[in-house]
Amino acid sequence: MKQAQTKQARKEKLWGPFLRLYTRFPIPWVYYLAAILLGMLATELALKVADLTIRVNKGELYNAVIIGYVLVSILYALVVGFQNVLSAYGTQKTTLRVRGVVWRAILGLPMMEVEAEGPSNLISCVTNDATQAASALQMLFLSVSSLYALVRACMKMIAFNGQLSLVLVVSIPLAALVFFLTGRLQFIASRRQYEALNTMTAFFSEHIACAKHVKAQGMEEREIEEGLQAIEARYRADLLNVFFGMVQTGLFSLYTRLNTVLIAVGGSQLIRTGHMASTGINDFTTYSGKVEQYESELLTPYQTVKGTQGSLRHVNEILARPSEHLEQGAPLGPSGDIRLQDVRFSFDGEYPVLRGVSCTIPYGKRTAIIGGNGSGKSTVMKLLQGFYRPDSGTITLNGQDLAEVRLDDLRGRFAYVLQNTPLLAGTIRENLIYGARTAPDEAAVIAAAKAAGAHDFIVRLPYGYDTQVGSAGARLSGGQRQRIAIARALLVQPEYLLLDEATASLDHRTAGAVLDSLLDGRVPTVLYISHNMEEVRRADHVIVLRDGQVEASGTPDELARLSPAYRDYAAKQRLEVPV
Ligand SMILES: Nc1ncnc2c1ncn2[C@@H]1O[C@H](COP(=O)(O)OP(=O)(O)OP(=O)(O)O)[C@@H](O)[C@H]1O
């Protein structure tokens with residue numbers, strides 16, 4: 001009983017989400033329905049050709065028969081060609097729409113899910129898996145015309161000779177076995193192929209991106225070895241697919257051979273007893289051949305659909321996950337102090353990263369967060385923007401609980417610059433205005449670039465602000481990319497600017513100047529993480545984190561007097577602090 005329920009649940013898990021995928025976007029019915037109708041017309045024409053072939057074989061070489069044969073054959077070719085065009089067009093439209101659905105779902109995933117999945121898995125959902133969904137749909141529609149064709153061919157065959165058709169009933173169990181077995185095998189093979197492709201894509205995207213480090217560490221040999229293992233895993237999965245393909249071809253060939261034998265044995269008996277003309281076997285085979293052809297056409301969609309279920313499992317899982325609701329919740333009121341009250345948080349539900357953090361980030365002030373590596377500084381910044389939710393405790397902005405406010409309102413108040421903020425392929429100008437709520441004018445763009453120390457190097461480039469930055473900004477130096485990222489954050493005109501070691505990759509001479517210009521009141525509130533105590537001393541308020549807890553907080557002068565941890569950081573950088 002329990003086993004049957006599990007089986008039922010497994011089936012629901014495969015078919016339920018698989019079919020639900022097709023309810024998430026408008027299916028281009030017109031193309032598919034037209035393709036089905038043309039498929040039916042093609043069947044009628046093919047059967048007409050079969051009739052005419054039998055008449056020609058009988059020696060009825062009249063003009064009407066020959067001309068009819070030629071005309072129907074040409075018409076058949078045209079109809080099939082047009083049917084293929086329509087169904088291919090429908091498939092392309094479906095791919096376009098599925099990709100859109102998957103891309104939206106990926107961008108809607110909470111940050112935690114995006115990090116858990118990893119980029120390459122998600123990339124392959126949009127690039128590969130969406131195509132599979134479209135081809136499965138095409139096959140489902142085509143199977144309607146294949147089924148029609150099979151029924152019509154069976155009718156013709158039975159009408160031609162019912163007794164001999166009855167003989168073929170014996171081979172039906174074998175046909176059912178071929179259908180069932182090849183579907184199962186295809187499902188297994190496709191899932192293996194999909195998993196191996198994902199492993200291979202993940203490996204190469206990560207390691208090619210790190211090629212510099214691989215070379216610098218002299219790890220080429222080991223990486224080649226591991227890459228070859230990933231390639232071999234895919235090779236084995238492909239081989240399995242080929243093997244299963246051969247099993248399928250073998251079984252189908254066995255089935256058709258069995259039919260031939262049955263027709264020969266049954267047919268010769270009928271001829272001997274005078275129930276069929278001597279050319280009967282040949283003529284009957286014209287129709288039974290059609291039946292086999294349509295059976296095989298019906299088998300292909302079944303296999304494709306089963307195979308697609310294997311590779312679409314991941315897409316379905318992604319689509320089934322709850323997405324972030326940017327517009328749900330209360331509108332965020334005026335900006336004000338941000339307060340964290342006994343905030344606890346862990347990424348994996350086990351290891352606590354924040355262990356009861358309580359502190360205030362005063363509005364209109366400059367707050368620095370300091371602490372050792374892994375003490376939870378960046379995690380605090382991510383929690384403020386609603387990338388993750390605290391496991392317990394509250395974060396309020398001007399008294400409003402962040403858990404209850406609209407995410408897009410909340411994120412609209414912040415600009416966030418990381419130590420190495422990635423740029424997007426495009427021009428410098430496009431990168432600068434990326435995310436700005438209202439299109440900034442040229443003067444604002446230049447002012448932000450100047451504040452970030454970027455203007456001087458930009459105007460020295462041959463195309464100035466219209467220079468292409470390359471993929472992920474690869475044509476610029478790390479420091480140049482970072483200055484553009486800082487200018488971009490300013491152009492968002494945030495209420496709160498979050499700088500996660502944002503000036504760490506700038507040269508010493510300009511880092512101080514850039515930070516000064518960011519702290520000069522351009523943005524009402526600045527929260528910055530820094531390991532440089534010179535920079536920390538410019539803050540109005542400092543929070544010292546240690547092992548996910550607030551060790552001390554206050555003005556730099558207060559901390560210099562009261563916090564041994566703060567004095568220790570300063571002493572390690574040989575910085576004199578007032579006592
Ligand atoms: N996406 C993540 N998934 C799982 N654990 C994470 C993730 N991001 C951070 N952590 C863990 O959370 C802890 C705090 O990380 P966090 O980045 O907040 O530290 P930090 O104080 O900013 O450190 P650093 O000064 O090195 O940048 C670390 O132990 C880290 O391993």
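The structure displayed is predicted, hence computed values, not measured ones.

Participant: Give a description of the overall build of the protein chain that names residues and reports values.
Facilitator: On a plain count of helices and strands, the protein chain comes out with 20 helices and 10 strands. The dimensions of the protein chain, computed from C-alpha atoms along their principal axes, are 120 × 60 × 55 Å. Scored against the burial criterion, the 579 residues of the protein chain give a buried share of 34%. Considering only contacts in the protein chain between residues 6 or more positions apart, those separated by 24 or more positions represent 77%.

Participant: Give a detailed account of the packing of helix α2 (residues 29-57) against helix α5 (residues 119-160), specifying residues and quantitative values.
Facilitator: Look at α2 against α5: their axes get within 9 Å of each other, and the N-to-C directions meet at 20°. One element, α2, and the other, α5, form an angle in the roughly parallel class. Regarding α2 and α5, the two cross each other, and that crossing is right-handed. Where α2 approaches α5, its residues Y32, A35, I36, G39, M40, T43 and L47 are matched on the opposing element by F141, L142, V144, S145, Y148, A149, R152, A153 and K156. Grouping the constituent residues of the contact of α2 with α5 by class yields 11 nonpolar, 3 polar and 2 charged.

Participant: Account for the domain arrangement of the protein chain, naming residues and giving values.
Facilitator: Examined at the domain level, the protein chain breaks down into domain 1 (15-320) and domain 2 (338-572). If you average the C-alpha positions of domain 1 and of domain 2, the two centres end up 53 Å apart.

Participant: I'd like a rundown of α5, residues and numbers included.
Facilitator: With 42 residues, α5 extends 60 Å between its outermost C-alpha atoms, agreeing within 8% with the 62 Å of an ideal straight helix rising 1.5 Å per residue. At C125, α5 shows its strongest bend, of approximately 40°.

Participant: I'd like to hear about the site of the ligand, residue by residue, with values.
Facilitator: The environment of the ligand is made up of E115, F347, V353, G371, N373, G374, S375, G376, K377, S378 and T379. Looking at the shell around the ligand residue by residue, the classes come out as 2 nonpolar, 7 polar and 2 charged.

Participant: How would you summarise the UniProt feature "domain: ABC transmembrane type-1" (unreviewed entry) in the protein chain if you had to cite specific residues and measurements?
Facilitator: UniProt annotation of "domain: ABC transmembrane type-1" (unreviewed entry) refers to residues 33-276 when read in the numbering used here. Between the end C-alpha atoms of residues 33-276 there is a gap of 41 Å, over a span that is 91% helix and 0% strand.

Participant: Talk me through the nonpolar core; I want residue IDs and the actual numbers.
Facilitator: Ranked by internal contacts, the top residues of the largest apolar core, which has 70 residues, are A448, A452, I486, A487, L497, L499 and V542. Looking at which element gives the most residues to this core, the answer is helix α16 (residues 478-491), with 7 residues. Leaving out residues up to four positions away in the same chain, L499 has contacts with V417, L518, V526, Y528 and I529. If you look at the next biggest cluster of nonpolar residues, it comprises 47 residues, including L45, L122, M157 and V315.

Participant: Describe in detail unusual backbone geometry, supporting the description with residues and values.
Facilitator: Glycine aside, residues mostly have negative phi, and peptide bonds are mostly found in the trans state. Phi at N398 takes a positive value of approximately 50°, unusual for a residue other than glycine. With respect to the helices, strands and loops of the structure, N398 is situated in the loop between β4 (392-397) and β5 (400-401). Of note, the phi angle at D547 is positive, near 50°, even though the residue is not glycine. Counting through the fold element by element, D547 comes out in the loop between β9 (541-546) and β10 (549-554).

Participant: Let's hear about the UniProt feature "transmembrane region" (unreviewed entry) in the protein chain: which residues, and what values?
Facilitator: Mapped onto this structure's residue numbering, the UniProt feature "transmembrane region" (unreviewed entry) falls at residues 21-41, 61-82 and 163-183. Secondary structure across residues 61-82 divides into 91% helix and 0% strand, with the first and last C-alpha atoms of the span separated by 31 Å.

Participant: So, the confidence of the model for the protein chain: which residues are in play, and what are the values?
Facilitator: Looking at the protein chain, pLDDT values average 88 and 96% of them are 70 or higher. In this model, residues 1-7 is a region of pLDDT below 50 whose contacts with residues beyond four sequence positions or in other chains number 0 contacts. Scored by ipTM, the complex comes to 0.97, with pTM at 0.77.

Participant: Now, about the packing of helix α14 (residues 442-451) against α16: what can you tell me, with residues and values included?
Facilitator: Here α14 crosses α16 at 130°, and the two axes come no closer than 8 Å. When the interaxial angle is binned, α14 and α16 end up oblique. By crossing handedness, the relation of α14 to α16 is classed as right-handed. Between α14 and α16, the residues in contact are A444, V445, A448, A449 and A451 and A487, L490 and L491, respectively. Residue composition of the contact of α14 with α16, by class: 8 nonpolar, no polar and no charged.

Participant: With reference to specific residues and values, describe the environment of D337.
Facilitator: Inspection of the secondary structure puts D337 in the loop between α10 (280-320) and β1 (338-346). Looking at D337, the number of C-beta atoms within 10 Å reads 15, which means it is partly exposed. Expressed as a C-alpha distance, the spacing of D337 and S392, which sit 55 residues apart in the sequence, is 20 Å. Apart from residues lying up to four places away in sequence, D337 is in contact with T360, I361, P362, Y363 and N398.

Participant: Explain the sheet that holds strand β3 (residues 366-371) to me, and be specific about the residues and the numbers.
Facilitator: The mixed open sheet is built from 6 strands, whose spatial order is β6-β7-β8-β3-β9-β10. Two strands bound the open sheet, and with one partner strand each, they are β6 (414-417) and β10. In this sheet, adjacent strand axes meet at a mean angle of 15° when their direction is disregarded. In this structure, strand β7 (residues 496-500) lies alongside strand β8 (residues 525-529), joined through 5 bridges in parallel fashion. Bridge assignment links L497 to a residue of β8, and that residue is V526.

Participant: Could you give an account of the sheet that holds β5, with specific residues and numbers?
Facilitator: In space, the 4 strands of this open sheet follow the order β2-β1-β4-β5, with antiparallel pairing throughout. Unpaired on one side and paired on the other, β2 (352-361) and β5 mark the two borders of the sheet. Across 5 bridges, β1 lies against β4 in antiparallel orientation. Across the sheet, residue L340 finds its bridge partner in β4, namely I395.

Participant: Explain the environment of I66 to me, using residue names and the numbers behind them.
Facilitator: Take I66: it is sitting in helix α3 (residues 63-108). The partly exposed category is assigned to I66, around which 14 C-beta atoms lie within 10 Å. On a C-alpha basis, the gap between I66 and L86 in space is 30 Å, while along the polypeptide they are 20 residues apart.

Participant: How would you summarise the environment of Y463 if you had to cite specific residues and measurements?
Facilitator: On the secondary structure map, Y463 appears in the loop between α15 (455-460) and α16. A count of 11 C-beta atoms within 10 Å places Y463 in the exposed class. Distance from Y463 to R429, taken between C-alpha atoms, is 11 Å for residues 34 residues apart in sequence.

Participant: So what's going on with the pairing of β9? Which residues, and what values?
Facilitator: Here β9 lies mainly inside the structure; 5 of its 6 residues are buried. In this sheet, β9 lies alongside β3 in parallel orientation, the contact comprising 5 bridges. Along β9, the bridge assignment pairs I369 with I543. Sheet topology places β9 next to β10; 5 bridges connect them, and they run antiparallel. Looking at the pairing, L545 lines up with V550 of β10. What sits between the antiparallel neighbours β9 and β10 is a turn of 2 residues, in which D547 has the positive phi angle 50°.

The rules behind each value
Residues numbered from 1 in each chain as written. Predicted model: local features only at pLDDT ≥ 70, side-chain atom pairs only at ≥ 80, totals over all residues. Helix = DSSP H or I, 4+ residues; strand = E, 2+ residues; numbered from the N terminus. Buried ≥ 20, exposed ≤ 12 C-beta atoms within 10 Å, placed from the backbone. Contact = placed C-beta atoms within 7 Å. Axes fitted to C-alpha atoms, helices over the stretch in contact; angles between N-to-C directions. Parallel < 35°, antiparallel > 145°, perpendicular 65-115°, else oblique. Left-handed = near helix turned anticlockwise from the far one by under 90°. Nonpolar A, V, L, I, M, F, W, Y, C, P; charged D, E, K, R; others polar. Domains from an automatic or database assignment. Expected span 1.5 Å × (residues − 1). Bend = angle between axes of the 7 residues up to and from the residue. Near = placed C-beta within 6 Å. UniProt positions renumbered as here; feature names shortened; annotations may be inferred. Core = buried A, V, L, I, M, F, W, Y, C linked by C-beta atoms within 7 Å. pLDDT = per-residue confidence, 0-100. Pairing = 2+ DSSP bridges.

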